[in-house]
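These are the residues of each chain, in order.
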Amino acid sequence: MTHTEDQVAGLLLAAGGGRRLGGRPKALLEHRGRPLVEYAVGVLRAAGCTRVHVVLGARADAVRERARLDGCVLVDNPEWEHGMGSSLRAGLDSLTGTGARAALVSLVDQPGIGPRAVARVLAAYQDDTSLVSAAYDGVRGHPVLFGAAHWAGVAASATGDRGARAYLKEHEAAITLIECGDVAEPYDIDTEDDLGHLE
């Protein structure tokens, strides 16, 4: 367990175009004075992820320009308009050959999930067969940790906006659920009304 930091890479999905937000990319929404993508990377780092890959899509150039993402591997997803599945595939693909044995996947539009919840999921990593998910009052949510043994299966089933949902449903019995409802709130920033969650 001593090499968790080296073996688990943080994978932040930040490519969405914010369709229901009038086409404002979520990565560029402001939270605590900085772009949301920068805040989300900070959460992964604070939780113990030393390696962070960030999947960009909508207005990727503007995100690169405005957000301080030093030390991150930036992955362009030219197919971001096809939904989260394409971003998950691009992100997992970018980890192939890096020596990472697991990917801790988080979403840019969930700022209520902070380092404590992410650290709990990270701590449950054991090896490349690990499949771990945060839960909120017993309901599966993010982040989700996929050991490398699962990557091919996840990538194969990740289509449209479903991401890994189908894969997780199929492998429900193998998932270690880590309750995080006491330290995090799993709301999404999807609509104008949700913007009130940003600080």
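Residues numbered from 1 in each chain as written. Predicted model: local features only at pLDDT ≥ 70, side-chain atom pairs only at ≥ 80, totals over all residues. Heavy atoms only, no water.

A.B. asks: Just checking my understanding: could you explain the overall build of the protein for this structure?
C.D. replies: Secondary structure summary: the protein contains seven helices and nine strands in total. In terms of C-alpha radius of gyration, the protein reaches 15 Å, essentially the compact-globule figure of 16 Å for 199 residues. Reported as C-alpha extents along the three principal axes, the dimensions of the protein are approximately 40 × 35 × 30 Å. Taken over 199 residues, the protein has a buried fraction of 54%. Long-range pairs, those at least 24 residues apart, make up 70% of the contacts in the protein with a sequence separation of at least 6. For the protein, the computed accessible surface area is about 9,200 Å², with 48% contributed by carbon and sulfur atoms. Between the mean site of the 20 positive side-chain charges and the mean site of the 27 negative ones, the protein shows a separation of 1 Å. (Helix = DSSP H or I, 4+ residues; strand = E, 2+ residues; numbered from the N terminus. Rg over C-alpha atoms; globule rule 2.2 N^0.38 Å. Buried < 20%, exposed > 50% of the residue type's maximum accessible area, 1.4 Å probe, protein only. Contact = heavy atoms within 4.5 Å. Areas by Shrake-Rupley, 256 points an atom, 1.4 Å probe, with all protein chains shown as cover. Lys, Arg positive; Asp, Glu negative; His and termini not counted. Charge placed at Lys NZ, Arg CZ, Asp CG, Glu CD.)

A.B. asks: Would you take a moment to explain the packing of helix α2 (residues 36-47) against helix α5 (residues 115-123) for this structure?
C.D. replies: Working note: a packed helix pair is described by the angle between its axes plus the distance between those axes. For the pair α2 and α5, the least separation of the axes is 8 Å and the interaxial angle reads 50 degrees. The angle between α2 and α5 places the two elements in the oblique class. For the element pair α2 and α5, the recorded crossing hand is right-handed. Each of V43, L44, A46 and A47 in α2 lies in contact with α5, whose residues at this interface are P115, V118, A119 and L122. Of the residues assigned to the contact of α2 with α5, the class counts are eight nonpolar, no polar and no charged. (Axes fitted to C-alpha atoms, helices over the stretch in contact; angles between N-to-C directions. Parallel < 35°, antiparallel > 145°, perpendicular 65-115°, else oblique. Left-handed = near helix turned anticlockwise from the far one by under 90°. Nonpolar A, V, L, I, M, F, W, Y, C, P; charged D, E, K, R; others polar.)

A.B. asks: It is not clear to me how the sheet that holds strand β4 (residues 52-56) should be interpreted in this structure. Could you clarify?
C.D. replies: Where strands meet in a sheet, backbone hydrogen bonds hold them as pairs that are either parallel or antiparallel. If you trace the seven strands from one edge of the open sheet to the other, you get β5-β4-β1-β6-β8-β7-β9, paired in mixed fashion. Each edge of the open sheet is held by one strand with a lone partner, namely β5 (73-76) and β9 (176-179). Between one strand and the next, the sheet's axes are offset by a mean angle of 25 degrees, whatever the strand orientation. Contacting β1 (8-14), β4 and β6 (102-107), α2 runs over the sheet at an angle of about 160 degrees to β1. (Pairing = 2+ DSSP bridges.)

A.B. asks: Is there a simple way to explain a positive patch on the surface in this structure?
C.D. replies: A cluster of like positive charges, contributed by R140, R162, R165 and K169, occupies part of the molecular surface. Positionally, R162 belongs in the loop between α6 (151-157) and α7 (165-170). (Patch = residues over 30% accessible without salt bridge, like charges linked within 9 Å, V, L, I, M, F, W, Y side chains within 5 Å. Salt bridge = Lys/Arg side-chain N within 4 Å of Asp/Glu carboxyl O.)

A.B. asks: Sorry, what's going on with the state of the cysteines here?
C.D. replies: Formally, a disulfide is one covalent bond, and it connects the sulfur atom of one cysteine to the sulfur atom of another. Applying the stated criterion across every chain yields a total of zero disulfides. C49 takes part in no disulfide bond, and the closest cysteine sulfur, belonging to C72, lies 11 Å away. (Disulfide = S-S within 2.5 Å.)

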